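Summary of the model geometry
In case you want the letters, here they are:
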Amino acid sequence: EYRFTYATTLTLIHFVITFLGLYACAITGVFQVKRLEIRKVMPLALSFCGFVVLTNISLRYNSVGFYQIAKVMTTPVIMLIQSYYYGITFDTKIKLSLIPICLGVIITTATDFQLNLVGFIFAAVAVIVTSFYQIWVGTKQKELQVSSMQLLYYQAPLSSVILLFFIPIFDDVSFGETGLWNYPFTSSALFWIILSGVIAFAVNLSVFLVIGRTSPVTYNVLGHFKLVMIILCGFVIFHAPPDP
């Protein structure tokens with residue numbers, strides 16, 4: 001209804017609101033701000049922005065179906081990285097559970113007639129960058145000895161500043177009819193944009209909490225379960241047929 005199609009700008013707004021939410025939590029005593037070196041948090045901020053940028057590019061070159069399926073590969077890629085770079089071992093049952101995931105991706109890739117080499121490369125790089133981001137969300141909390149809130153307090157503003165440079169590339173910031181500066185920012189539209197930011201604050205914090213207290217693999221499994229429940233509820237409650 002509101003047609004706010006400026007994805008990168010919306011992501012920036014979400015992280016600004018996330019930072020403001022964390023700032024409010026800090027001054028009310030929910031957590032204490034811990035002084036961190038920017039260079040130690042920068043890889044996390046850069047990997048997040050890389051994930052956002054590469055996702056936008058992947059959607060430009062790939063079908064939505066292949067994009068969604070490619071995201072599923074994040075779980076096996078995370079396990080591969082953690083095994084070879086961090087020396088983490090996984091149970092055989094967990095490894096075997098990856099077989100249907102990989103087979104599904106292979107079948108989808110082979111039958112997607114819109115698939116092209118450029119789109120495939122961007123999708124693959126996006127999965128790798130996303131995997132490193134999720135791994136670092138957990139390892140940085142341990143390395144810097146900080147809580148989820150303390151780490152996100154630094155990452156949110158850093159990512160916001162970096163995203164500023166990508167907005168002119170991916171969003172229409174012209175003064176034309178479809179440009180950002182000509183968008184009708186009604187009170188209703190602003191309400192929903194800000195509300196989405198508040199929800200994003202909760203989601204961003206939950207990501208850091210779940211990964212910090214469990215693991216990136218657990219977080220991804222929860223994500224798959226959420227997707228299944230959305231499809232199931234849509235089919236049972238709203239009689240919406242699942243997308244092919």
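First things first, this report covers the structure right here in the doc. (Residues numbered from 1 in each chain as written. Predicted model: local features only at pLDDT ≥ 70, side-chain atom pairs only at ≥ 80, totals over all residues. Heavy atoms only, no water.)

1. Some words on helix α3 (residues 64-72)
Here is the rule we go by: Categorising residues by exposure relies on relative accessible area from a 1.4 Å probe, with only protein chains included: less than 20% of the type maximum marks a residue as buried, more than 50% marks it as exposed, and the intermediate range marks it as partly exposed. In DSSP terms, a helix is any run of H or I states spanning at least four residues, a strand is any run of E spanning at least two, and both are numbered starting from the N terminus. The reported arc concerns the directions from the helix axis to the C-beta atoms and nothing else.
Buried within α3 are the following residues: F66, Y67 and A70. The buried residues of α3 occupy an angular sector of 105° when projected down its axis, which confines them to one face.

2. Details of the packing of helix α4 (residues 74-85) against helix α7 (residues 117-143)
Short version of the rule: Think of each axis as a best-fit line through the C-alpha atoms, taken over the contacting stretch in the case of a helix, with angles from 0 to 180 degrees between the N-to-C directions. With respect to orientation, any angle under 35 degrees is reported as roughly parallel, any angle over 145 as roughly antiparallel, any angle of 65 to 115 as roughly perpendicular, and every other angle as oblique. Should the near helix be turned anticlockwise from the far one by less than a right angle, the crossing is termed left-handed; should it be turned clockwise, right-handed. We call two residues in contact whenever any of their non-hydrogen atoms come within 4.5 Å of each other. Residue type decides the class: Asp, Glu, Lys and Arg count as charged, Ala, Val, Leu, Ile, Met, Phe, Trp, Tyr, Cys and Pro as nonpolar, and the leftover types, Gly among them, as polar.
Interhelical geometry of α4 versus α7 gives an angle of 60° and a closest axis separation of 9 Å. As summarised for this structure, α4 and α7 are arranged oblique, according to the angle between their axes. Our pair here, α4 against α7, has a crossing hand that is right-handed. Contact with α4, carried on its side by T74, V77, I78, I81 and Q82, involves V127, I128, T130, S131, F132, Q134 and I135 of α7 and no other residues of that element. Its residues placed into classes, the contact of α4 with α7 shows seven nonpolar, five polar and no charged.

3. Regarding α4
So the rule is basically this: The span you would expect from a helix comes to 1.5 Å times its residue count less one.
The first and last C-alpha atoms of α4 sit 16 Å apart over twelve residues, in line with the 16 Å expected at 1.5 Å per residue. Of the residues making up α4, those classed as buried are T74, T75, P76, V77, I78, M79, I81 and Q82. Positive phi appears at G87, one or two residues downstream of α4, with a value of about 65°.

4. Brief notes about the nonpolar core
This is how the line gets drawn: Think of a nonpolar core as a cluster: buried Ala, Val, Leu, Ile, Met, Phe, Trp, Tyr and Cys residues, connected wherever their side-chain atoms sit within 4.5 Å.
Grouped together as the largest cluster of nonpolar side chains are 32 residues, with contacts concentrated most on L22, F31, V41, F48, L151 and F208. Top contributing element to this core by residue count: helix α8 (residues 148-164), with nine residues. Apart from residues lying up to four places away in sequence, L22 is in contact with F31, M149, L152, Y153 and F201. Judged by nonpolar contacts, the second largest core, of ten residues, contains M79, I81, L98 and V217.

5. Focus: the pattern of salt bridges
Quick note on the threshold: The working definition used for a salt bridge is a side-chain nitrogen of Lys or Arg within 4 Å of a carboxyl oxygen of Asp or Glu.
The tally for this structure, following the rule as stated, stands at three salt bridges. Here R39 and E37 are joined by a salt bridge, their closest N and O atoms 2.8 Å apart. For R39, a relative accessible area of 59% gives the class exposed. With a relative accessible area of 40%, E37 lands in the partly exposed category. Residue E143 is joined to K140 by a salt bridge in which the shortest nitrogen-to-oxygen separation is 3.5 Å. Remark: K140 and E143 occur in helix α7; sequence separation between them is three residues, near one turn of the helix. With a relative accessible area of 9%, K140 lands in the buried category. Residues participating in the shared-partner salt-bridge network are E37, R39 and K40.

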